[in-house]
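The lines below spell out each chain.
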Amino acid sequence: MIRGAAGPTLVLVLAVGVLVAAGVTLLLERSLTRILLGIILLGNGVNLLILLGGRSGAAPLVGSTSQGEMSDALPQAMVLTAVVITFGLTAFLLAVAYRSWYTSGDDEVQDDLEDRQIVRLAESNEVSTADLGGEGPDEDPEQVDPEPARRRLHRDGEKP
C-alpha cells in the first residue's frame, strides 16, 4: 500500500490556475514592474504544477523504504532548477526596470515604430503590403539596418 497516494486537491489545482492566470494578465501590461510580478507569479504557478505532477510518498533515500513508497525526486529537482532560473530572471528584470526608471523616470515600455504602424493599419482596416520592390537585400532600406551617420558620410567621400 502506498502512503500519501492521494491526488492533488482542488485547492492546489485552483491555486495553480489563479497564479498562472494572474501572471499572464500581468505579463500583458506595459509597466516593467507589473511584467516582473507576472513572471514571478507565472513561475510559482508552473513550479506548483510540476510538483503536483510528481508522486507523493516517503523520502527518496535508498534503503529507507521500498521503491513503491518513495516519492518522485525528478519534479523536486526540476522545481529547484526552475526556482534558480526564475531568481536570475527576476534579478535581470529588476535591473532593467531600475535602469529604465533611472534614465526616463518611468518604467513603462514605450511603443516603437512598428507598433504604431500596426495600430494605424488596424484602425484603417488595411492589410500591410509585401515588399515587392525587387531590390536586393543590400539595397533595400527596410531590410538592412543603416550604418551610423558618420560612417555613411565618410564612405560617400564627405568629411564627418
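Note that the coordinates shown come from a computational prediction; the quantities given were computed from them, not determined experimentally.

## Some remarks on the overall build of the chain
The helix and strand tally for the chain stands at five helices and zero strands. Sequence-ordered secondary structure for the chain, helices as α and strands as β, is α-α-α-α-α. Among the 160 residues that make up the chain, the fraction classed as buried is 16%. Restricting to contacts in the chain with at least 6 residues of sequence separation, those with at least 24 account for 48%. Total accessible area on the chain stands at roughly 12,400 Å², and carbon and sulfur atoms take up 63% of it.

## A few points about the packing of helix 1 (residues 10-27) against helix 2 (residues 32-53)
Packing of helix 1 against helix 2 brings their axes to within 7 Å, and their N-to-C directions diverge by 155°. In terms of their interaxial angle, helix 1 and helix 2 are classed as roughly antiparallel. Helix-helix and strand crossings are classified by hand; for helix 1 and helix 2 the assignment is left-handed.

## Some details on helix 2
Because each turn of an α-helix spans 3.6 residues, side chains separated by three or four positions end up pointing in the same direction. For helix 2, which comprises 22 residues, the first-to-last C-alpha distance of 31 Å matches the rise-based estimate of 32 Å (1.5 Å per residue) to within 8%. The set of residues buried in helix 2 consists of Leu 32, Ile 35, Leu 36, Gly 38, Ile 39, Gly 43, Gly 45 and Asn 47. Residues of helix 2 that are buried make contact with helix 1 and helix 3 (73-104).

## Quick notes on the environment of Pro 75
Along the polypeptide, Pro 75 turns up in helix 3. Assessed through its relative accessible area of 9%, Pro 75 is described here as buried. As for Pro 75 and Leu 49, which are separated by 26 residues in sequence, their C-alpha atoms are 9.5 Å apart. Those residues in contact with Pro 75 that lie beyond four places of it in its chain are Ile 50, Leu 51 and Gly 54.

## Examining the confidence of the model for the chain
Of the residues in the chain, 74% reach a pLDDT of 70 or more, and the chain-wide mean stands at 77. Below a pLDDT of 50 lies the segment residues 1-5, which in the model reaches nine contacts outside its immediate sequence neighbourhood of four places, other chains included.

## So, the packing of aromatic side chains
Tallied over the entire structure, the rule returns two aromatic pairs. An angle of 40° between the planes, with centres 5.9 Å apart, marks the rings of Tyr 98 and Trp 101 as tilted. Within this pair, Tyr 98 and its partner Trp 101 are both found in helix 3, separated by three residues, close to a single helical turn. Judged by its relative accessible area of 48%, Trp 101 is partly exposed. Ring geometry for Tyr 98 versus Tyr 102: centroids 6.0 Å apart, planes at 25°, classification stacked. Residue Tyr 98 and its partner Tyr 102 are located together in helix 3, separated by four residues, close to a single helical turn. Among the aromatic residues, those joined into a cluster by ring pairs are Tyr 98, Trp 101 and Tyr 102.

## Quick notes on a nonpolar patch on the surface
A grouping of Leu 10, Val 13 and Leu 14 is seen on the molecular surface, where their side chains present a nonpolar patch of about 300 Å² in accessible area. Position of Leu 14 among the secondary structure elements: in helix 1. A relative accessible area of 51% places Leu 14 in the exposed class.

## Topic: helix 4 (residues 113-124)
For helix 4, built from twelve residues, the straight-helix expectation of 16 Å at 1.5 Å per residue is met to within 8% by its first-to-last C-alpha distance of 17 Å. Once helix 4 ends, the next one or two residues include Asn 125, with phi positive near 60°.

Reading the values: rules and limits
Residues numbered from 1 in each chain as written. Predicted model: local features only at pLDDT ≥ 70, side-chain atom pairs only at ≥ 80, totals over all residues. Heavy atoms only, no water. Helix = DSSP H or I, 4+ residues; strand = E, 2+ residues; numbered from the N terminus. Buried < 20%, exposed > 50% of the residue type's maximum accessible area, 1.4 Å probe, protein only. Contact = heavy atoms within 4.5 Å. Areas by Shrake-Rupley, 256 points an atom, 1.4 Å probe, with all protein chains shown as cover. Axes fitted to C-alpha atoms, helices over the stretch in contact; angles between N-to-C directions. Parallel < 35°, antiparallel > 145°, perpendicular 65-115°, else oblique. Left-handed = near helix turned anticlockwise from the far one by under 90°. Expected span 1.5 Å × (residues − 1). pLDDT = per-residue confidence, 0-100. Phe/Tyr/Trp six-rings, centres within 6.5 Å; stacked < 30°, edge-to-face > 60°. Patch = residues over 30% accessible without salt bridge, like charges linked within 9 Å, V, L, I, M, F, W, Y side chains within 5 Å. Salt bridge = Lys/Arg side-chain N within 4 Å of Asp/Glu carboxyl O.

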